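Here is how the chains run, residue by residue.
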Amino acid sequence: PELAIAKTELNEYVLGLIAKLKGDDAKAAYTEYARWSRERDRKCGLVKKDNVPLAELEASEPCLADYMRLRTAEIVAAKGDPKRIFGRTPFSPALNADAVDLCVAQIHSANACDDFLAVNEVFETNQEITPQTALVTAEVEMKVLSPFTACSTVASSCTGTCWDMKSGQAKATTPGSKENLTSVHRVRIEKSFAFQKAPGGGWRCSTTTLQPVERGFAVSDP
């Protein structure tokens, strides 16, 4: 019960802040809030645990409580100013799936992708690190929200590739394709994301486009 109350309180604070924003700023804030949820699930071991018995979630409760307490404190400290919470371009403290998730969010925002796709999950698979630069390879799964042509500007900008819907595989080009990716589809890409060490600490994403991807596939939800 205490956890549910804390979650409700956090949601109310967040929605109250977002209500002060308009248009694209509000849409971006909702997207950022969704990213927080994915970050929380990775941190607290809740990925792919939407439909498991409650007993399996007990070990995550302290982590969830800490997460919501810290987020709530951050929002209270903003004193009603949504710009102190949303619309920032923070550096990533660590090179991990959270850093890639933030990187994808920045690319999607720059290309107005949020009407077409939402990130479901991010899985880090490899790292190559030097003192000032890093390359993090990750798999990014996206859910299609609104239909778009499988080989189009939206496809290339927002998923990093065109798609062959017969095979479900990523293709560099699919000339003349009129097939659509629709809301029954999920796509998963693997890509290497470049980062640079920030002067004040942390890492800044220096990847500005999802093209090219190393591999990818599209599937239909049952």
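What you see is a predicted model, and the numbers here were worked out from it, not measured in a lab.

J.: When you look at the nonpolar core in this model, what are you seeing that I'm missing?
T.: A general feature of soluble globular proteins is that nonpolar side chains tend to end up buried together. Val100, Val140, Trp163, Leu181, Phe193 and Phe195 are the most contacted members of the largest nonpolar core, which has 33 residues in total. When residues of this core are traced back to their parent elements, those giving at least two are α4 (97-110), β1 (117-129), β2 (133-144), α5 (153-159), β7 (185-197) and β8 (203-205). In contact with Leu181, not counting residues within four places along its chain, are Val144, Ser146, Pro147, Phe148, Ala150, Trp163, Met165, Val187 and Ala218.

J.: I'm lost on the environment of Glu2 in this one. Help?
T.: Here Glu2 lies in helix α1 (residues 2-18). Using a relative accessible area of 69% as the deciding quantity, one classes Glu2 as exposed. Along the primary structure Glu2 and Glu214 are separated by 212 residues, whereas in three dimensions their C-alpha atoms are 44 Å apart.

J.: Honestly, the confidence of the model for the protein chain in this entry has me stumped. Any pointers?
T.: If pLDDT is low for a region, its predicted coordinates should not be looked at in detail. Per-residue confidence for the protein chain gives a mean pLDDT of 90; residues scoring 70 or more make up 94%. Taking the mean pLDDT of every element in the protein chain, the minimum, 89, falls on α1 and the maximum, 97, on β2.

J.: What is the right way to look at the pairing of β1 in this model?
T.: Within a regular strand, the side chains alternate between the two sheet faces. Where β1 lies against β2, 11 bridges are found, and the strand directions are antiparallel. Within β2, the position partnered with Val119 by the bridge is Met142. In sequence, β1 turns back onto β2 through a hairpin of three residues.

J.: Sorry if this is basic, but what is going on with the side chain of Lys191 here?
T.: Tracing the backbone through its elements, the reader meets Lys191 in strand β7. Although Lys191 is buried, it forms no salt bridge, and the closest oppositely charged side chain is Glu214 at an N-O distance of 5.5 Å. A distance of 3.5 Å separates a polar atom in the side chain of Lys191 from the backbone oxygen of Leu210.

J.: Is there a simple way to explain the packing of α1 against helix α2 (residues 23-43) in this structure?
T.: The packing of two helices is summarised by the inter-axis angle and the distance between the axes. Direction vectors running N to C along α1 and α2 enclose 155°, while the axes themselves pass 10 Å from each other. In terms of axis orientation, α1 runs roughly antiparallel to α2. Taken as a pair, α1 and α2 cross one another with a handedness that is right-handed. For the pair α1 and α2, contact is made by Leu10, Asn11, Val14, Leu15 and Ile18 and by Ala26, Ala29, Tyr30, Tyr33 and Trp36, respectively.

J.: Would you mind showing me how to read the state of the cysteines here?
T.: Per the stated rule, a full pass over the model turns up four disulfides. Each disulfide pairs two cysteine sulfurs, and for Cys44 the partner residue is Cys63, the sulfurs being separated by 2.0 Å. Here the disulfide of Cys44 and Cys63 is left-handed, its torsion about the S-S bond being about -75°. Note that Cys44 is positioned in the loop between α2 and α3 (61-77) and Cys63 in helix α3, a separation of 19 residues in sequence. Note on Cys44: relative accessible area 7%, which makes it buried. Shown here is the disulfide that connects Cys113 with Cys158, its sulfur atoms set 2.1 Å apart. Here the disulfide of Cys113 and Cys158 is left-handed, its torsion about the S-S bond being about -85°.

Rules behind the numbers
- Along each chain, numbering runs from 1 in the same order as the chain's sequence is written.
- Thresholds applied to this predicted model are a pLDDT of at least 70 for local features of residues and 80 or more for the giving and counting of side-chain atom pairs; totals over whole chains, interfaces and linings are not thresholded and use all residues.
- Where side-chain values are given, they derive from all heavy atoms of the structure, hydrogens and water being excluded.
- Remark: nonpolar core denotes a set of buried residues (Ala, Val, Leu, Ile, Met, Phe, Trp, Tyr, Cys) joined through side-chain atoms within 4.5 Å.
- Classification of residues uses two cut-offs on accessible area relative to the type maximum, computed with a 1.4 Å probe and protein chains only: under 20% is buried, over 50% is exposed, and between them is partly exposed.
- For the purposes of this entry, the term helix denotes a DSSP run of H or I that reaches at least four residues, the term strand denotes a run of E that reaches at least two, and both are numbered from the N terminus.
- Residues count as neighbours in contact if any of their non-hydrogen atoms are within 4.5 Å of one another.
- The predictor attaches a confidence to each residue, called pLDDT, with possible values from 0 through 100.
- Should DSSP find at least two bridges between two strands, the strands are regarded as paired.
- Note that His is not counted, nor are the chain ends; the positive residues are Lys and Arg, and the negative ones are Asp and Glu.
- The working definition used for a salt bridge is a side-chain nitrogen of Lys or Arg within 4 Å of a carboxyl oxygen of Asp or Glu.
- Whenever two N or O atoms come within 3.5 Å, that pair is a polar contact, provided that in protein one can donate a hydrogen and the other can accept it, and provided that, for residues adjacent in sequence, both atoms are side-chain atoms.
- Geometry is summarised by axes, namely lines fitted to C-alpha atoms with helices restricted to the contacting stretch, and by angles between N-to-C directions that run from 0 to 180 degrees.
- Throughout this description, any angle smaller than 35 degrees is read as roughly parallel, any larger than 145 degrees as roughly antiparallel, any in the 65 to 115 degree range as roughly perpendicular, and the remainder as oblique.
- Helix crossings are classified by the rotation of the near helix relative to the far one: an anticlockwise turn of less than a right angle makes the crossing left-handed, while a clockwise turn makes it right-handed.
- Note that a disulfide, as used here, is simply two cysteine sulfur atoms within 2.5 Å.

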